[in-house]
Amino acid sequence: VGGWVGTLDPFDFYRFTLTEATRVSITLGGSGGVALLGASGTVLQSDTAAADRDGSILRSLGAGEYVIRVSGSGTIGDAHVLTLTYGEAAQPATP
């Protein structure tokens, strides 16, 4: 999903629910930060996208509700593309 964050709209939030324990992969293309939050708002993991790499989070989660928070890099505005995959698609490749 695509979005934009800037000085007037500093965060985008995306909520999702897992019905069973699974591994999730979150990738942020563009500039800014990405954070995975628990239902209570606690940051579980975060990363920052840079010009030379995407921000990414790979984590096993239990059943429940989660929120992804995207923040800007501090410039006037940042466009971003957020990708969430789960289950088999989120497994890291094995050599």
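As the structure is a computational prediction, the values presented were derived from the model and not from experiment. Counting restarts for each chain, with residues numbered from 1 along the sequence as it is written. In keeping with the predicted nature of the model, local features appear solely for residues at pLDDT of at least 70, side-chain atom pairs appear and are counted solely at 80 or more, and the whole-chain, interface and lining totals rest on all residues. The basis for every side-chain value is the complete set of heavy atoms in the structure, and neither hydrogens nor water enter the calculation.

> How do you make sense of the sheet that holds strand β4 (residues 32–38) when you look at a structure like this?
What holds strands together in a sheet is hydrogen bonding between their backbones, with the strands either parallel or antiparallel. Strand pairing is assigned whenever DSSP detects at least two bridges linking the two strands. Put simply, DSSP marks the helices as runs of H or I at least four residues long and the strands as runs of E at least two long, and each gets a number from the N terminus on. The 4 strands lie next to each other as β2-β7-β4-β5, forming an open sheet whose pairing is antiparallel. Whereas interior strands pair on both sides, the edge strands pair on one side only; in this sheet they are β2 (11–18) and β5 (43–49). On average, adjacent strands in this sheet sit at an angle of 15° to one another, irrespective of strand direction. As paired elements, β2 and strand β7 (residues 64–71) share 8 bridges and run antiparallel to each other. An axis is simply a line fitted to the C-alpha atoms; with a helix, the fit covers only the stretch in contact. Between two such axes, the angle follows the N-to-C directions and lies from 0 to 180 degrees.

> Would you mind showing me how to read the pairing of β7 here?
A regular strand places its side chains on the two faces of the sheet in alternate fashion. Bridge count for β4 against β7 is 6 bridges, and the pairing is antiparallel. Looking across to β7, one finds that V34 is bridged to V70.

> What's the story with the nonpolar core in this structure? I'm lost.
Across soluble globular proteins, nonpolar side chains show a tendency to be buried alongside one another. What makes a nonpolar core is a set of buried Ala, Val, Leu, Ile, Met, Phe, Trp, Tyr and Cys residues whose side-chain atoms join them at distances within 4.5 Å. Using a 1.4 Å probe on the protein chains alone, a residue whose accessible area is under 20% of its type maximum counts as buried, one over 50% counts as exposed, and one in between counts as partly exposed. With 14 residues, the main nonpolar core has F16, I26, V34, L36, L61, I68 and L82 as its most contacted residues. Going through the elements one at a time, β2, β3 (22–30), β4, β6 (55–61) and β7 are the ones with two or more residues in this core. Two residues qualify as a contact provided that any one of their heavy atoms is within 4.5 Å of a heavy atom in the partner residue. The contact partners of L82, leaving out residues within four places of it in the chain, are V1, Y14, I26, T27, L28, V34, I68 and V70.

> What is the right way to look at the environment of S25 in this model?
Here S25 is to be found in strand β3. Between the C-alpha atoms of S25 and I57, which are 32 residues apart in sequence, the distance is 5.7 Å.

> Where do I start with the pattern of salt bridges in this structure?
Any two side chains of opposite charge can pair, so long as their charged atoms come close to each other. Only one rule defines a salt bridge in this text: a Lys or Arg side-chain nitrogen within 4 Å of an Asp or Glu carboxyl oxygen. Applying the stated rule across the entire model yields 2 salt bridges. One salt bridge in this structure joins E65 and R15, with 2.7 Å as the shortest N-O distance. One end of the pair, E65, is in strand β7; the other, R15, is in strand β2, and 50 residues separate them in sequence. According to the relative accessible area criterion, R15 is exposed, its value standing at 58%. Between D47 and R53 there is a salt bridge, with its nearest N and O atoms 3.1 Å apart.

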